[in-house]
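Structure assessment
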Amino acid sequence: MTAITVVSPSSGKELGEVTAHTAEDTRNAFDRARPAQRRWQATPVKERRKVLLKLHDLVLERRDEILDLIQDETGKNRTSAFEEVMDVAITARHCGYAAGRLLRPKRAKTSLPGLTRTRVEHDPVGVVGMISPWNYPFSLTAGDAIAALAMGNAVVLKPDSQTPYTGLLVADLLREAGLPENVFQAVTGSGSVVGQEIVAQCDYLMFTGSTATGRKLGEQAGERLVGYSAELGGKNPMIIADDADLERTVPGARAACFSNSGQLCISIERLYVHRGIADEFIPAFVDSVAGMRIGGGHDWETDMGSLISEEHCEHVAAMVDDAVAKGARVLTGGRRLTDLGPTFYAPTLLADVPEDAELFREETFGPVVAVEVVDSLDEAVLKANDTRYGLNASVWANPATGSKLASRLHAGTVNVNEGFAAAWSSVGAPMGGWKDSGVGRRHGDGGMLKYTEARTVAVQHLMSISGNTLVDPDVFAKTVTTALKFGKRILR
Ligand code: NAD
């Protein structure tokens with residue numbers, strides 16, 4: 001058994017070593033999870049709710065310890081880490097209360113009202129496999145697990161190898177909240193070993209990560225005919241209309257672009273500014289971004305932290321250099337901040353990014369935003385939708401204009417006068433990607449029901465819709481024909 005060394009990206013300090021588990025270890029985790037899941041499924045929903053509500057309290061009580069760990073593992077600033085704590089508490093509360101309503105059997109419409117009584121029940125799928133990325137290691141492990149657990153499933157999670165301690169902390173917190181042993185297990189290790197075995201064993205696969213990996217795992221889930229949900233990459237646009245409130249838009253756009261150093265699937269990488277406001281907005285925005293405080297450490301004052309690794313920083317720098325070499329203009333940033341360390345990159349705004357630059361279409365997943373002035377909102381909508389992705393979009397405008405514009409954007413979430421937080425935190429509404437940004441949704445009723453199998457139970461009284469021996473077939477056909485004609489008018 002080998003080990004994975006975990007290094008803090010902002011300080012370069014070694015945080016420790018975790019086990020690189022094997023395929024056999026992962027199978028064993030599933031073997032332990034199966035009986036534990038059956039007992040958990042048999043636990044009354046009210047008892048399961050208590051565990052999730054206790055988790056909610058624990059997360060808030062142990063907030064600072066959780067923030068420190070997230071920051072140490074990812075290098076993000078404290079405010080971005082707090083987004084994760086807030087998210088997990090909100091999700092625990094929401095799923096804790098929603099599960100009872102969703103799991104209650106529901107009456108369903110039938111074609112022979114009164115004669116057929118139909119109800120729909122939901123059973124948990126069994127053991128859900130989860131594979132998570134490093135960028136929001138608390139939200140994208142605990143948040144998704146909570147929904148599956150609330151519905152009576154067990155979970156086997158593979159946290160990213162760069163952020164395994166946060167995944168292990170989720171297991172500790174759930175245990176402390178009263179979750180029985182083996183209902184949630186975090187198995188550390190590589191994607192090619194532990195991740196692949198999770199794909200081979202699970203009854204449902206929840207994946208968050210890159211579009212390339214998501215596509216491959218989708219094929220594998222399809223081969224096994226297990227349910228699959230994937231939240232993938234984005235190249236999210238923001239539109240700034242000429243009637244936007246500048247005072248709110250400047251700080252709002254900054255948060256939307258540079259939260260978590262731009263390493264956020266729903267953060268903004270393309271900005272379309274209406275010509276009518278461009279002369280006011282762009283200089284104010286450039287000033288605001290140029291004035292950001294960058295650094296490591298656990299204080300609340302830092303506006304942006306480091307990137308996840310030196311390798312990722314090099315990748316971001318290479319994309320910016322490619323754009324600049326092809327004619328893009330740097331409005332601010334555009335360079336590594338080596339005086340702070342090898343993983344820091346300046347928050348960057350680019351203008352005139354040419355179509356042949358890689359970052360024109362591809363996700364940078366870093367603090368880099370292309371700014372473009374447009375002559376009309378129609379042009380902005382066309383450009384915003386001209387992408388293979390469709391995860392998130394943002395519109396800053398008078399609320400009525402913004403709301404109308406939102407309905408024309410091809411994205412799973414659209415935030416009006418907000419970057420991403422309004423839609424993400426609307427936990428009762430679906431969140432996920434169109435096009436290459438994913439399949440399936442998290443949040444909303446669907447984001448919980450996906451972790452269940454539906455069972456339709458129909459009880460027939462007297463006459464059947466398929467004809468029966470009690471009535472002459474000709475009389476039956478005439479009666480049903482009349483009933484259908486009549487039914488069209490009264491049953492909708
Ligand atoms: P990635 O796909 O390389 O890795 C994500 C996870 O998958 C990791 O845990 C990794 O170990 C595992 N993995 C990789 N290859 C695997 C394989 N063959 N089999 C099984 N598991 C495997 O993603 P990344 O680059 O680390 O993460 C960044 C990407 O994630 C970005 O594209 C970002 O947009 C996306 N993301 C999307 C969301 C969302 O909700 N839509 C959220 C966060 C990140």
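Rules used in this analysis
- Sequence positions are assigned chain by chain, starting from 1 and proceeding in written order.
- Predicted model: local features are reported for residues with pLDDT of at least 70 only, side-chain atom pairs are reported and counted for 80 or more only, and whole-chain, interface and lining totals are derived from all residues.
- In computing side-chain properties, one takes all heavy atoms of the structure into account and sets aside hydrogens as well as water.
- UniProt positions are given in the numbering used here, feature names are shortened, and annotations may be inferred rather than shown by experiment.
- Put simply, DSSP marks the helices as runs of H or I at least four residues long and the strands as runs of E at least two long, and each gets a number from the N terminus on.
- When we talk radius of gyration, it's over C-alpha atoms, and the globule rule is simply 2.2 Å times the number of residues to the 0.38.
- Using a 1.4 Å probe on the protein chains alone, a residue whose accessible area is under 20% of its type maximum counts as buried, one over 50% counts as exposed, and one in between counts as partly exposed.
- In what follows, a contact means two residues having at least one pair of non-hydrogen atoms within 4.5 Å.
- Here, Shrake-Rupley sampling with a 1.4 Å probe gives the accessible areas, and only protein chains in the shown set may cover a residue.
- Charged residues are defined narrowly, with Lys and Arg counted positive, Asp and Glu counted negative, and His plus the chain ends left uncounted.
- Charge positions are represented by NZ for Lys, CZ for Arg, CG for Asp and CD for Glu.
- We place a 1 Å grid over just the protein atoms. Points where a 1.4 Å probe fits but has no way out form a cavity, open points with protein on both sides within 12 Å along at least 5 of 7 lines form a pocket, and any residue with an atom within 4 Å of a point lines it.
- Grid points are joined across faces, edges and corners, and a volume is the space filled by probe spheres set on the points.
- Patch building starts from residues that exceed 30% relative accessible area and form no salt bridge, then joins like charges within 9 Å and nonpolar side chains (Val, Leu, Ile, Met, Phe, Trp, Tyr) within 5 Å.
- Counted as salt bridges are all cases of a side-chain nitrogen of Lys or Arg within 4 Å of a carboxyl oxygen of Asp or Glu.
- In this description, a line fitted to the C-alpha atoms serves as the axis of each element, helices being fitted only across the stretch in contact, and the angle between N-to-C directions of two axes falls anywhere from 0 to 180 degrees.
- Here the angle decides the label: under 35 degrees means roughly parallel, over 145 means roughly antiparallel, 65 to 115 means roughly perpendicular, and every other value means oblique.
- Residues were grouped as follows: Ala, Val, Leu, Ile, Met, Phe, Trp, Tyr, Cys and Pro as nonpolar; Asp, Glu, Lys and Arg as charged; and all remaining residues, including Gly, as polar.
- Any Phe, Tyr or Trp ring, taking Trp's six-membered ring, that has another such ring centre within 6.5 Å forms a pair; planes under 30 degrees apart are called stacked, those over 60 apart edge-to-face, and the others tilted.
- Sitting over a ring, as applied to charges here, requires NZ of Lys or CZ of Arg to be within 6 Å of the ring centre and within 35 degrees of the ring normal.
- Within this scheme, the nonpolar core is defined by two criteria: the residues are buried Ala, Val, Leu, Ile, Met, Phe, Trp, Tyr or Cys, and they are joined through side-chain atoms within 4.5 Å.
- With the far helix as reference, a near helix turned anticlockwise by less than a right angle produces a left-handed crossing, and one turned clockwise produces a right-handed crossing.

As recorded in an unreviewed UniProt entry, the protein chain goes by succinate-semialdehyde dehydrogenase (NADP(+)) and comes from Corynebacterium frankenforstense DSM 45800. Under the UniProt heading Sequence similarities (unreviewed entry), the entry covering the protein chain gives this text: "Belongs to the aldehyde dehydrogenase family." Per UniProt, the protein chain has the following entry under Catalytic activity (unreviewed entry): "succinate semialdehyde + NADP(+) + H2O = succinate + NADPH + 2 H(+)".

1. Focus: the overall build of the protein chain
Tallying secondary structure elements over the protein chain gives 17 helices and 20 strands in all. Expected size for 492 residues packed as a compact globule is a radius of gyration near 23 Å; at 25 Å, the protein chain falls within 12% of this value. Once the C-alpha set of the protein chain is aligned to its principal axes, its extents read approximately 85 × 60 × 40 Å. Across the 492 residues that make up the protein chain, the buried fraction comes to 54%. A separation of at least 24 residues holds for 72% of the contacts in the protein chain among residues at least 6 apart in sequence. Counting every atom, the protein chain has about 20,900 Å² of accessible surface; 53% of that belongs to carbon and sulfur. Within the protein chain, one finds 53 positive and 62 negative side-chain charges whose respective centroids are separated by 12 Å.

2. Details of empty space enclosed by the protein
Using a probe with the size of a water molecule, rolled over the atoms, empty space left in the structure can be pinpointed. Taken as a whole and judged by the stated rule, the model has two cavities of 30 Å³ or more. Counted as a void, the largest cavity has a volume near 110 Å³. Lining of the largest cavity is provided by 15 residues; of these, Thr91, Gly143, Asp144, Arg442 and His443 occupy positions nearest its centre. For the lining of the largest cavity, the secondary structure elements donating two or more residues are helix H4 (78-103), helix H5 (139-150) and helix H16 (444-449).

3. Section: a nonpolar patch on the surface
Where nonpolar side chains cluster on the molecular surface, the patch consists of Phe486, Ile490 and Leu491 and spans about 300 Å² of accessible area. If you trace the backbone, Ile490 turns up in helix H17 (residues 473-490).

4. Some details on the layout of surface pockets
There is about 830 Å³ of room inside the largest pocket. Those elements that provide at least two residues to the lining of the largest pocket are helix H7 (191-201), strand S8 (204-208), helix H8 (211-224) and helix H11 (310-325). Put simply, the second largest pocket is a space of about 580 Å³. Taken together, 35 residues form the lining of the second largest pocket, with Glu83, Tyr136, Ser259, Phe420 and Ala421 sitting closest to its centre. Among the elements of the structure, H4, H5, helix H9 (246-258) and helix H15 (421-424) are those that each provide at least two residues to the lining of the second largest pocket. Residue contributions to the lining of the second largest pocket peak at seven residues, all from H4.

5. Focus: the UniProt feature "domain: Aldehyde dehydrogenase" (unreviewed entry) in the protein chain
With numbering matched to this structure, UniProt assigns "domain: Aldehyde dehydrogenase" (unreviewed entry) to residues 4-457. The distance separating the terminal C-alpha atoms of residues 4-457 is 49 Å; by composition the span is 44% helix and 21% strand.

6. A look at the packing of helix H2 (residues 45-61) against H4
In a pair of packed helices, the angle between the axes and the distance between the axes together describe the arrangement. At a minimum axis distance of 8 Å, the contact between H2 and H4 shows a crossing angle of 170 degrees. Regarding the angle of H2 to H4, the classification is roughly antiparallel. Contacts from Val45, Arg48, Arg49, Leu52, Leu53, Leu55, His56, Val59 and Leu60 of H2 reach H4 at Val85, Val88, Ala89, Ala92, Arg93, Cys95, Gly96, Tyr97, Ala99, Gly100 and Leu103. Residue classes in the contact of H2 with H4 are distributed as 14 nonpolar, three polar and three charged.

7. Re the packing of aromatic side chains
In total, this model carries four aromatic pairs according to the counting rule given. Relative to Trp300, the ring of Phe82 has its centre 6.0 Å away and its plane inclined at 75 degrees; by these criteria the two rings are edge-to-face. Note that Phe82 is positioned in helix H4 and Trp300 in the loop between helix H10 (275-290) and H11, a separation of 218 residues in sequence. Here Trp300 falls in the partly exposed class, since its relative accessible area comes to 39%. For the ring pair Phe281 and Phe285, a centre distance of 5.0 Å and an interplane angle of 20 degrees mean the geometry is stacked. Within this pair, Phe281 and its partner Phe285 are both found in helix H10, separated by four residues, close to a single helical turn. Exposure remark for Phe281: the relative accessible area of 0% places this residue in the buried category. In this structure, Arg48 packs its charged tip against the face of Trp40, placed 5.8 Å from the ring centre.

8. Describing the nonpolar core
Counting residues in each nonpolar core, the largest one holds 67 residues, and the members touching the most others are Met130, Phe138, Val155, Phe184 and Met448. It is H4 that contributes the most residues to this core, nine residues altogether. Residues contacting Phe138, with those up to four places away along its chain left out, are Val59, Ile66, Ile70, Glu84, Val85, Val88, Gly143, Thr166, Val170 and Leu173.

9. Overview of the packing of helix H3 (residues 63-74) against H4
Running from N to C, H3 and H4 point in directions that differ by 120 degrees, and their axes come no closer than 9 Å. By the criterion of interaxial angle, the relationship of H3 to H4 is oblique. Here H3 runs over H4; the crossing is right-handed. Between H3 and H4, the residues in contact are Arg63, Asp64, Ile66, Leu67, Asp68, Ile70 and Gln71 and Arg78, Ala81, Phe82, Glu84 and Val85, respectively. Across the contact of H3 with H4, the residue classes break down as six nonpolar, one polar and five charged.

10. A short note on unusual backbone geometry
In this structure, Asn260 takes a positive phi of about 50 degrees despite not being glycine. Positionally, Asn260 belongs in the loop between H9 and strand S11 (268-274).

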